[in-house]
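# A look at the structure
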Amino acid sequence: MKLYLLRHAHTEKQKKNQLDFDRSIDQKGYSQTVALSKIFNELNFSEDVQVICSDAKRTRDTLDEIKESIPISKIEYFKELYLPSLDQLLKLIWNHSQVSQEVLIISHNFGISELASYLLDENITLHTGELVVIYFEGAEGLAEISKGMGTRVFY
């Protein structure tokens, strides 16, 4: 099983009276999605990818810009992926049984970096627009993954 962890692309500064949840990606973010699309085009997907994405505007924008580069079978949006803790992320993915052998999670810091660090048992800090790909030998689904079980195959 492969897990792709992506922090959303760079975001515009928060405007007066604007909720953080509603911020869009900015020009730098669009440039990052172009680079991400090239990376996704070069990755060797073995089958269709299931996407689990935060419901925030910037994560949706990021996905909209890269989705043509990924053989997506299903997209699901979760409010729980907005500024999640490690515990929230783990609870969501461990209880998510309807998954492909390749899953892309698009979320926010600090949770997405903490998840990568937990699964790889090393310190990972994902900046905006950064991706880490983790392989879990023998795992049949997200419920079977845990601390230090992953092998980093791309960062």
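Just above, that's the structure.
Residues numbered from 1 in each chain as written. Predicted model: local features only at pLDDT ≥ 70, side-chain atom pairs only at ≥ 80, totals over all residues. Heavy atoms only, no water.

## Focus: the environment of Gly 29
Along the polypeptide, Gly 29 turns up in helix α1 (residues 27-42). For Gly 29, a relative accessible area of 0% translates into the label buried. For Gly 29, the residues in contact, after removing those within four places along its chain, are Ala 9 and His 10. (Helix = DSSP H or I, 4+ residues; strand = E, 2+ residues; numbered from the N terminus. Buried < 20%, exposed > 50% of the residue type's maximum accessible area, 1.4 Å probe, protein only. Contact = heavy atoms within 4.5 Å.)

## Let's talk about the packing of aromatic side chains
Applying the stated rule across the entire model yields 3 aromatic pairs. Judged by centre distance (5.4 Å) and plane angle (40°), the ring pair of Tyr 4 and Phe 45 falls under tilted. Here Phe 45 lies in the loop between α1 and β2 (49-54) and Tyr 4 lies in strand β1 (residues 2-7), a separation of 41 residues in the sequence. With a centroid separation of 6.3 Å and an interplanar angle of 20°, the aromatic rings of Phe 40 and Phe 45 are classed as stacked. Overall, the relative accessible area of 1% leaves Phe 40 in the buried class. Through pairs of rings, three or more aromatic residues link up here, namely Tyr 4, Phe 40 and Phe 45. The ring of Tyr 77 has Arg 60 lying over it, and the distance from NZ or CZ to the ring centre is 3.7 Å. (Phe/Tyr/Trp six-rings, centres within 6.5 Å; stacked < 30°, edge-to-face > 60°. Lys NZ or Arg CZ within 6 Å of the ring centre and 35° of its normal.)

## Section: helix α4 (residues 111-120)
Two residues of an α-helix separated by three or four positions point the same way, owing to the 3.6 residues in each turn. Of all 10 residues making up α4, 9 are buried, and the element is well covered by its neighbours. Residues of α4 that are buried in the fold lie against β1, α3 (86-94), β4 (102-107), β5 (131-135) and β6 (151-154). After α4 finishes, the residue Asp 121 shows a positive phi value of roughly 55°.

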